[in-house]
Amino acid sequence: MKRVFRLSEKTHGPGGIYFSWQKTLGNYLATTGFDHNVKIYDRHGEQRDEINLPGMCASLGWDKDGDTLAIINDKTGVVFLWDANGQRTAQLDSGLKDTLSFLLWSKRAQQLAIGTAKGNLLVYNHQTSRKIPILGKHTRKITCGAWSSQNLLALGSEDKTITISNAEGDTVRQTSVRAEPADLQFSEMKGDERSMMGENTVSVVIGRKTLFLYNMNDPENPIELAFQQRYGSIVAYKWYGDGYIMIGFSQGYFVVISTHMKEIGQELFQARNHKDSLTSIAISLSLNKAASCGDNCVKIHDLSDLKEMYAIITVEEDRTLDKMAWTDDGQLMAVSTTKGSLNVYLTKLPLLGEAYQTRIAYLTSLLEVTIQDSVNQDQPITVGVEIEPSFIGLGPYHLAVGMNNRAWFYQLLDDGHLEKLKDREYLGTVQSIKVNGDYAAVAFEGKVQLHTIDPEGSSITEERETRLFPDKEHSDTRVTCHTVTPEFLIYGTDSGGLHYFYIEDWQYVNEYRHVVGIKKLHADPTGTRLVFVDEKSDGFVYNPVNDQVIEVPNLSPNIKGILWENWPLDKGVFAAYDDEKLYTYVYSKETVSGCQCSLAGSTKLPYGQVPIMLYNGEVTLQTQSGKIATVMLSTHGFDLDKLTELPAAELRTYLEKSITLRRFKDAWIFCHQLQSKEAWLDLGRAALQDLEIDFAIRVYRNIGDVGMVMSLQKIKTTEDKNLLSGYIAMFLDDFNLAQDLFLASNCPTAALEMRRDLLHWDSALQLAKALAPDQIPFISKEYAQQLEFTGDYANALMHYEKGITKEESYRDHDESCAAGVARMAIRMGDIRRGVSMAVKMPSRLLKKECAQILESMKQWSEAAMLYEKGSYCDKAAAVYIRSKNWAKVGELLPQVTSPKIHSQYAKAKEADGRYKDAALAYESAKDWDNVIRIQLNHLHNPEEAVRIVRETQSVEGAKMVAKFFLNLNDYASAIQFLVMSKCNDDAFQLAQTHGQMEIYAEIIGPDATPEDYQSIALYFENAKNHFLAGKFFLLCGQHSRALKHFLRCPQTEDSEAIEMAIETVGQASDDQLTHQLIDFLMGETDGMPKDAKYLFRLYMALKQYREAARTAIIIAREEQNAGNYRNAHDVLYSMYQELKQNKIKIPAEMATNLMILHSYILVKIHVKRGDHLKGARMLIRVANNISKFPSHIVPILTSTVIECHRSGLKNSCFSYAAMLMRPEYRNQIDAKYKKKIESIVRKPDKTEEEEPTSPCPFCNFALAETELVCPECKNNIPYCVVTGRHMIKEDFSACPNCDFPALHSEFISLRETEETCPMCSEKIAGEKITKVSDCNKYLYPEEGED
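What comes next is a walk through the structure. (Residues numbered from 1 in each chain as written. Predicted model: local features only at pLDDT ≥ 70, side-chain atom pairs only at ≥ 80, totals over all residues. Heavy atoms only, no water.)

1. A few points about the sheet that holds strand E52 (residues 548-551)
Part 1 of the argument: The four strands lie next to each other as E49-E50-E51-E52, forming an open sheet whose pairing is antiparallel. Each edge of the sheet is formed by a strand with only one pairing partner; in this case those strands are strand E49 (518-523) and E52. On average, each strand axis in the sheet is inclined to that of its neighbour by 25 degrees, with strand direction left out of account.
Part 2 of the argument: In terms of strand pairing, strand E50 (residues 530-534) meets strand E51 (residues 539-543) through four bridges, oriented antiparallel. What sits directly across from Val-533, in E51, is Gly-539. (Pairing = 2+ DSSP bridges. Helix = DSSP H or I, 4+ residues; strand = E, 2+ residues; numbered from the N terminus. Axes fitted to C-alpha atoms, helices over the stretch in contact; angles between N-to-C directions.)

2. Overview of the packing of helix H1 (residues 648-660) against helix H2 (residues 664-674)
Helix packing geometry: the angle between the two helix axes and the distance between the axes.
Part 1 of the argument: At a closest axis distance of 8 Å, the pairing of H1 and H2 adopts a crossing angle of 160 degrees. The angle between H1 and H2 falls in the class roughly antiparallel. Classified by chirality, the crossing of H2 by H1 is left-handed. Here H1 contributes Ala-648, Leu-651, Arg-652, Tyr-654, Leu-655, Ser-658 and Ile-659 to the contact with H2, which in turn contributes Phe-664, Asp-666, Ala-667, Phe-670, Cys-671, Gln-673 and Leu-674.
Part 2 of the argument: Grouping the constituent residues of the contact of H1 with H2 by class yields 10 nonpolar, two polar and two charged. (Parallel < 35°, antiparallel > 145°, perpendicular 65-115°, else oblique. Left-handed = near helix turned anticlockwise from the far one by under 90°. Contact = heavy atoms within 4.5 Å. Nonpolar A, V, L, I, M, F, W, Y, C, P; charged D, E, K, R; others polar.)

3. With respect to the sheet that holds strand E3 (residues 28-32)
Part 1 of the argument: A sheet is described by the order of its strands in space; here four strands give the open sequence E2-E3-E4-E5, paired in antiparallel fashion. Pairing within the sheet leaves two strands with one partner each, and these edge strands are strand E2 (18-21) and strand E5 (47-52). If you compare each strand with its neighbour and ignore which way they point, the axes differ by 20 degrees on average.
Part 2 of the argument: Note: E2 against E3, four bridges, orientation antiparallel. Residue pairing for E3: Trp-21 is matched across the bridge by Leu-29.

4. Let's talk about the pairing of strand E18 (residues 181-187)
Part 1 of the argument: Among the seven residues in E18, five count as buried, and that is most of the element.
Part 2 of the argument: Here E18 runs beside strand E19 (residues 201-206); their pairing, made up of five bridges, is antiparallel. Each residue of the ladder has a partner; that of Ala-182, found in E19, is Val-205. (Buried < 20%, exposed > 50% of the residue type's maximum accessible area, 1.4 Å probe, protein only.)

5. Topic: the state of the cysteines
Part 1 of the argument: Across all of its chains, the model carries zero disulfides by this definition.
Part 2 of the argument: Cys-1204 supplies the cysteine sulfur nearest to Cys-1213, a cysteine that is in no disulfide, at a spacing of 6.3 Å.
Part 3 of the argument: For Cys-1213, a relative accessible area of 1% gives the class buried. (Disulfide = S-S within 2.5 Å.)

6. Here's the deal with the side chain of Thr-32
Part 1 of the argument: Of note, Thr-32 is situated in strand E3.
Part 2 of the argument: Since its relative accessible area comes to 2%, Thr-32 is described here as buried.
Part 3 of the argument: Within the structure, Thr-32 has its side chain in polar contact with the backbone oxygen of Asn-37 (distance 2.8 Å).
Part 4 of the argument: Excluding residues that lie within four positions of it along the chain, Thr-32 makes contacts with His-12, Gly-16, Ile-17, Tyr-18, Asn-37, Val-38, Cys-57 and Leu-60. (Polar contact = N/O pair within 3.5 Å; in protein donor to acceptor, adjacent residues only side chain to side chain.)

7. Observations concerning the pattern of salt bridges
Part 1 of the argument: Under the defined criterion, the tally for this structure stands at 36 salt bridges.
Part 2 of the argument: As a salt-bridge pair, Arg-652 and Asp-682 come within 2.1 Å of each other at their nearest N and O atoms. Of this pair, Arg-652 sits in helix H1 while Asp-682 sits in helix H3 (residues 677-689), and the two are 30 residues apart along the sequence.
Part 3 of the argument: For Lys-1174, the salt bridge is made with Asp-1171, and the minimal N-O distance between the two is 3.1 Å.
Part 4 of the argument: Judged by its relative accessible area of 10%, Lys-1174 is buried.
Part 5 of the argument: On the basis of relative accessibility, which here comes to 25%, the residue Asp-1171 falls in the partly exposed class. (Salt bridge = Lys/Arg side-chain N within 4 Å of Asp/Glu carboxyl O.)

8. Quick look at the packing of aromatic side chains
Pairs of aromatic rings are described using the distance from one ring centre to the other and the angle between the two planes.
Part 1 of the argument: Counted by the stated rule, this structure contains 33 aromatic pairs.
Part 2 of the argument: A centroid spacing of 5.4 Å and a plane angle of 40 degrees characterise the contact between Phe-488 and Tyr-502, whose relative ring orientation is tilted. Separated by 14 residues along the polypeptide, Phe-488 in strand E46 (residues 488-493) and Tyr-502 in strand E47 (residues 497-502) bring together distant segments of the chain. Exposure class is identical for Phe-488 and Tyr-502. Each is buried.
Part 3 of the argument: Summarising the aromatic geometry, the rings of Phe-501 and Tyr-508 are spaced 5.5 Å apart at their centres and angled 80 degrees between planes, so their arrangement reads as edge-to-face.
Part 4 of the argument: Taken together, the ring pairs in this structure connect Phe-488, Tyr-500, Tyr-502, Tyr-512, Phe-532, Phe-540 and Tyr-542 into an aromatic cluster. (Phe/Tyr/Trp six-rings, centres within 6.5 Å; stacked < 30°, edge-to-face > 60°.)

None of the figures reported here should be taken as evidence of function without further support.
What follows is the structure in structure tokens.
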């Protein structure tokens, strides 16, 4: 709170100070003290008068209007009367001889009650100067009193009585109290019913302890209220509201009670406002505030919420405050101290302010105006003014303030100071003033005067210095509101005129006539948009460019003003306000629907504050205390810095706000954070609504809506606004609006295209009549198709007929329409016409459609005929069957493919006894069960029935055949067909009964259940057929019983039984069974060791590969010894692959034996291909290991000699020939070659070329091609399965089947003559042989398990 002025202790000398504010206006403050003077000050602290009294002032008071101040003193009976209007003092002789002690003016009339120290009373009427003395009203000094609003006078006296008198002084009521009364007041107690006499209660403090309530309606039952001892004595009390009393206590307590009888005695509110003492309280109903003073502070509360502390005023200079009082209007509060000083504070300022763009000027004290710009953070400028202004105007360079008919102008200097220019008087009391750069527009008494602010400082010509509006031709109208922009004076009149006066050309440029008078107008900063409010309190946005007026929706009828947004990016936003709320509106100049104004939301307005400026959603408010506050509109206020912390619901709210405000860039950020397709779609639709097409494309591209992006890109260059808006309205599903816009555009046929695309045929036809009559046939056809689909056949027929053009160029169209006519004619019952048209027309599909309609109408013969004409033989035959026309069915049958029709025909033929025809028809229908039945029962052809059952595997057919054979006692065949028909139990019983179990067991195959296998096994067990018993026990998973039976098999079945036993043990994985079988194979059981191959197979079955490998080597050795080299090779090869597959290390002996055997096998291949050198090299390798081929030593050595001789390997030839000449081999040499070999030995030729070399794949050492161990790095080198030579890195490949390495070039060469791999004997496709780039897996095979 701002202090306006202070009166020091010296004003009235030592002691206290007493004061009284002028009633109603509050322009004067009368003070007195112990110095026999009364001083009168104005509200700014200037002394206006001083009255010297003969004695000390006993009391002073203002009349009800504040025109007269009455003063009494303790020395004389003279009453001093000071006239506030003339500032003159008059004296009134009371005529009372004793000391005057009390005075009080009436609330209703100019009557003054004066009491004396001896209890006498004088009632003086100031208007008539009549004096009524009433002697002896009280017996002792009158100390207090009050006038009621009914003009009753209540008085309290030291004689402990209270009297109530009328205006003439006659006593109406009198009551005694128990102690001296003080602070007497009139009011109305709160009751259930309103009192007819108004202020019916007198309240008075008794002995400073209790509060006495005397109800004149119930004088016998006064109420006396006592309070808690700790509160101290009652200092003061005030009535307020609906019968509430606020009481201040000396100990600092502040209490509110109610006088309603149900609540009386209850404290509604209590607070200790002051620590040491409370000295006074005051209430201002105009401010709705209450205050208490004590210690060195004043505390102000809001009456609507007493718990809320509104303000605290601390008086630093004075520690002990005394009394306080408000002016009636609540603007000023005076607080006195016990030492005699007085402080006057400004508690409520006139809410006077004006804004120009972001700069605001407002009243900060009664004689002080402040200019500040919070947005641009400029230093506030404060200027003291000479008068209390009643209006303010602010422009870019000037400030105008004034009151009544006078205004003062100040210039804003560049250095931030104000310079007073001049003052000016007008022809009437000024209501408002508006200022631009050069001119001021002043409204007074229904006129506006436009004049230059500083004619000396400008270059404006004399005729343009001033002008009065309205002109003489409009003299019958009154200007009700006005504003100025940099270019225009705009004013509204009571007749509804809205005038734009262009200042530069000094003439009117625009005039708009509204239906009723205009009472308010508010232009945006540029003047291109304007909101006006008419006498009906309806608001409109007016565009002066095209005179377009848009109503402001849901405008409050109590609108006080409108603020346009000053933030450049929110040009279309404005806020309207009443006493309670701010309403945010968004005006869009260009949308799909044209100009629009929409309500965005409302914001609660803080009590008692007035908005003066809006910037970026923040409203600057003027408060009653002369300060400014800000409030953010609820439609704005989103923090973009903390997006990641916000929940989705709040982000969604922010998105909706930003879309409503057309802040699409902010909305993009919220959508990006939400990542919701629905949010993106809302944003896209809003952008389209506002014709922001580029932004909408960006949105739809972001969510991947390709169709919308392409559509928008296609239309965005459209120059016709109505056409563009029409397309967008169509995209937004507002088709009626789209049609209106299309029709208003330069391409109205777009409306027709849209209705056609939407299948809105009625609308399309209406549009086509006006826009494109040539399109009516085509639209009629499409409409007819839709009507046909929905079942409206009559209208469909009409539109099909309308669709026929009879033009050759539209033949297909006409045919389609004619087809529709044919269908609809049938539907409408004109079957002859429809069928005739369908038959004449070439379309098969039409015939089918018409036939289907006829079929649904049960017109069988016509339907069948059309099906037949359309070559729909199946359908025709089906309909002929329904009409029992078998002759026609028979004709069509060769073309019929439907089994159902064949079946129906077959049944008919069977019923006629024509079984062959029936069988053929059933066969065509693939109804095999009926074919079999006919063949067995009627045609007696079981061979055909059996053939069909075998081919079709028919279960039911098999049952019939089984039954047939059973009747013939052919049990084997019956069992076979019972099994085929899944009747396993019946088949088993039959086999068991007739000793056909072996046949049953053979037939049952792999599809039986374990129970079936067990039944068969038990049967064979009883029959002592060990092999079959074992076989079926194995199938049902009973391995031990199966093995037992296999081992009991007689020697004739040995081979197969042992194989089965090995399979059994392999499946069982049971150590006991394994040992049992091994004992059997080793001869432990019967003393007869079995062939080693079975042991090998057992180890393989058990996956004991190491034992299998050892056994394989033994078997291979036996095979070799017997001369079965291919068998030995295959055994070792298969074992090699098994070990490799299971990642087990290959025994060196096995690998070596396989290599030697393979080298032997390669000899035949090389010799066959005529490559004797390679054959010779392989034979040399075999001859070097001749001990492994004991059965064929001489033939192998002979072949070696011959091949070496052919290949020119003379030395090798000689050495092996010499070996053959040994005595043990010489006689075994074939006679054909004996002489030749002998001559080689006799005439030795030891010339031999060294074997060619190739690099070692490990170390690149050059070694002989057939050498498999590198002498350099000592590594075993993989050999080529085609040549037997060691592998070379650069020519590396492998067999695609067995994965053994081979030289790529040699493998390709081999494929020319051989189809199989020499190692695995599998066929190889040439394209599968490829070079191996990484041969490490062959050079360094995985070691596997040891």
